[in-house]
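Breakdown of the fold
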Amino acid sequence: MAQAILSIDLDAIAANWRALASLSASPVETAAVVKADAYGLGAARVGRALAAAGVRRFFVAECSEGVALRAAAGPAPEIFVFSGHMAGDAEAISGNDLIPLLNSTEQVIRQRNVLPGRAFGIQLDSGMNRLGLEEADWRTLAPSVLAEGPVLLMSHLACADEPEHAMNAAQLATFRRMTDGTGVKRSLAATGGILLGPDYHFDLTRPGVGLYGGLPFAAARPVVRLSLPVIQIRDIAAGETVGYGDRWAAKRPSRIATLGAGYADGLIRAMTGRATLYAGTTPCPLAGRVSMDMIGVDVTDLDHAPETLDILCPSQGVDALATAAGTIGYEILTSLGHRYARAYEGGAG
């Protein structure tokens with residue numbers, strides 16, 4: 001069967017969580033971000049493996065993700081929802097014991113009116129201008145909101161992957177100004193923030209991409225391998241072209257493998273002319289455009305006819321592939337398609 005295989009190492013994800021947790025001194029707690037289906041790797045399996053490793057608090061992007069994670073992870077973990085309490089979410093929040101991170105005056109009012117007395121957190125805008133209450137609004141709302149007992153105050157760093165960026169210190173100062181003296185647990189650091197050091201850790205860190213082998217956590221263990229099946233190999237003469245548009249021509253007599261994956265599987269067209277696949281440690285460059293379901297690869301220098309080639313592997317991680325495609329590792333991970341056969345290794349579920 002011509003199906004690509006995406007191998008996901010759950011033990012590596014757990015090891016990356018433990019390594020990131022070790023960068024914070026006690027009593028800082030390390031949570032885990034499993035939004036976007038655990039960055040494309042399967043929130044149910046990843047969530048169970050992380051819970052077995054010791055994670056007690058998870059973060060998801062929206063309510064529906066929290067519902068699915070609750071079904072997979074069971075009743076024990078706390079599940080926070082970044083998008084807060086949207087209209088129509090009340091039943092899902094209460095029925096699945098989710099904790100919305102309220103982002104606006106409207107959401108604060110909605111929570112009070114619809115789910116009074118239930119757990120909630122507050123997301124504050126410390127300068128990113130994305131989600132969260134701005135400082136003036138928070139100053140007005142804080143007395144009444146704090147009296148209701150939020151379980152967490154959080155914000156998000158815009159430039160944590162650039163340690164020397166002035167925005168980091170500016171946001172830290174703003175977050176402290178908005179939250180010092182509240183007596184509520186606080187969270188500012190995702191993966192990049194953890195690496196900025198203890199001033200950014202507060203009570204709870206919430207790593208995301210670092211769990212899955214991505215930068216800026218350069219010490220992360222690799223998590224994924226993506227092996228693509230070879231459908232056919234053909235010999236072509238010098239000067240013959242491969243793929244749509246006649247944009248790639250052989251400079252020598254060549255052997256071209258056609259592989260069963262393309263941009264419908266998350267191998268974005270921007271990889272054309274730039275990405276490399278691997279047979280073990282031997283690089284094999286793309287030949288021709290990435291198309292919907294297939295790519296061509298130059299295997300002339302191999303001494304055998306491969307059955308598969310790897311585009312994610314120890315020789316090329318998500319960030320190396322992302323650099324070749326002119327994007328970031330986050331996009332590579334979250335674009336991985338649903339046609340792949342997923343093979344989980346290790347873990348507890």
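Quick look at the structure, then. (Residues numbered from 1 in each chain as written. Predicted model: local features only at pLDDT ≥ 70, side-chain atom pairs only at ≥ 80, totals over all residues. Heavy atoms only, no water.)

Describing the packing of helix H1 (residues 10-21) against helix H3 (residues 43-53)
Closest axis-to-axis distance for the H1/H3 pair is 9 Å, and the angle between their directions is 50 degrees. When the axis of H1 is compared with that of H3, the two are oblique. Considering the relative orientation of H1 and H3, their crossing is right-handed. Only Arg45, Val46, Ala49, Leu50 and Ala53 of H3 make contact with H1, whose side of the interface consists of Leu10, Ile13, Ala14, Trp17 and Arg18. Of the residues assigned to the contact of H1 with H3, the class counts are eight nonpolar, no polar and two charged. (Axes fitted to C-alpha atoms, helices over the stretch in contact; angles between N-to-C directions. Helix = DSSP H or I, 4+ residues; strand = E, 2+ residues; numbered from the N terminus. Parallel < 35°, antiparallel > 145°, perpendicular 65-115°, else oblique. Left-handed = near helix turned anticlockwise from the far one by under 90°. Contact = heavy atoms within 4.5 Å. Nonpolar A, V, L, I, M, F, W, Y, C, P; charged D, E, K, R; others polar.)

Here's the deal with the sheet that holds strand S8 (residues 153-154)
The sheet built from seven strands is open, its strands ordered S3-S4-S5-S6-S7-S8-S9 with parallel pairing. Strands at the two margins of the open sheet, each flanked by one partner only, are strand S3 (32-33) and strand S9 (186-187). In this structure, strand S5 (residues 78-81) lies alongside strand S6 (residues 98-102), joined through three bridges in parallel fashion. Note on S6: the bridge partner recorded for Ile79 is Leu98. (Pairing = 2+ DSSP bridges.)

Details of the state of the cysteines
Throughout the structure, instances matching the rule amount to zero disulfides. Looking at the unpaired Cys313, the closest cysteine sulfur is the one in Cys284, lying at 10 Å. Taking relative accessible area as the criterion, Cys313 reaches 5% and is therefore assigned buried. (Disulfide = S-S within 2.5 Å. Buried < 20%, exposed > 50% of the residue type's maximum accessible area, 1.4 Å probe, protein only.)

Details of the side chain of Ser7
Following the sequence through the fold, Ser7 ends up in strand S1 (residues 5-9). Residue contacts for Ser7: discarding those within four places in its chain leaves Val223, Val224, Arg225, Ala343 and Glu345.

Overview of the pattern of salt bridges
Considering all chains together, one arrives at 14 salt bridges under this definition. Of the charged contacts in the structure, one is a salt bridge between Arg112 and Glu148, with a shortest N-O distance of 2.7 Å. Taken together, the positions of Arg112 in helix H6 (residues 105-114) and Glu148 in the loop between helix H7 (135-147) and S8 put the pair 36 residues apart, joining distant regions of the chain. The partly exposed category is assigned to Glu148, whose relative accessible area is 38%. A salt bridge links Arg177 to Glu135; its shortest N-O distance comes to 2.8 Å. Taken together, the residues span a long stretch of sequence, with Arg177 in helix H8 (residues 166-179) and Glu135 in helix H7 at a distance of 42 residues. With a relative accessible area of 52%, Arg177 lands in the exposed category. What makes Glu135 partly exposed here is its relative accessible area of 22%. Each of Glu29, Arg57 and Glu78 takes part in one network of salt bridges that share partners. (Salt bridge = Lys/Arg side-chain N within 4 Å of Asp/Glu carboxyl O.)

Observations concerning the layout of surface pockets
In this model, the largest pocket occupies a volume close to 670 Å³. Forming the boundary of the largest pocket are 32 residues, of which Tyr39, His156, Leu157, Ala190 and Tyr330 lie nearest the centre. Mapped onto the lining of the largest pocket, the elements with two or more residues apiece are helix H2 (35-39), helix H9 (191-196) and helix H11 (329-335). Sort the elements by how many residues they give to the lining of the largest pocket and H9 lands first, with three residues. Of the residues belonging to the lining of the largest pocket, the class tally is 19 nonpolar, eight polar and five charged. Of the volumes computed, that of the second largest pocket is approximately 280 Å³. In terms of lining residues, the second largest pocket is bounded by 17 residues, among which Gly243, Thr258, Ser291, Met294 and Gly296 are the most central. Secondary-structure elements contributing two or more residues to the lining of the second largest pocket are strand S11 (224-236), strand S12 (241-242), strand S14 (254-259) and strand S17 (295-298). (1 Å grid on protein atoms, 1.4 Å probe; cavity = no way out; pocket = protein on both sides within 12 Å on 5 of 7 lines; lining within 4 Å. Points joined across faces, edges and corners; volume = space filled by probe spheres on them.)

In short, the description is geometric, and any link to function would need to be established separately.
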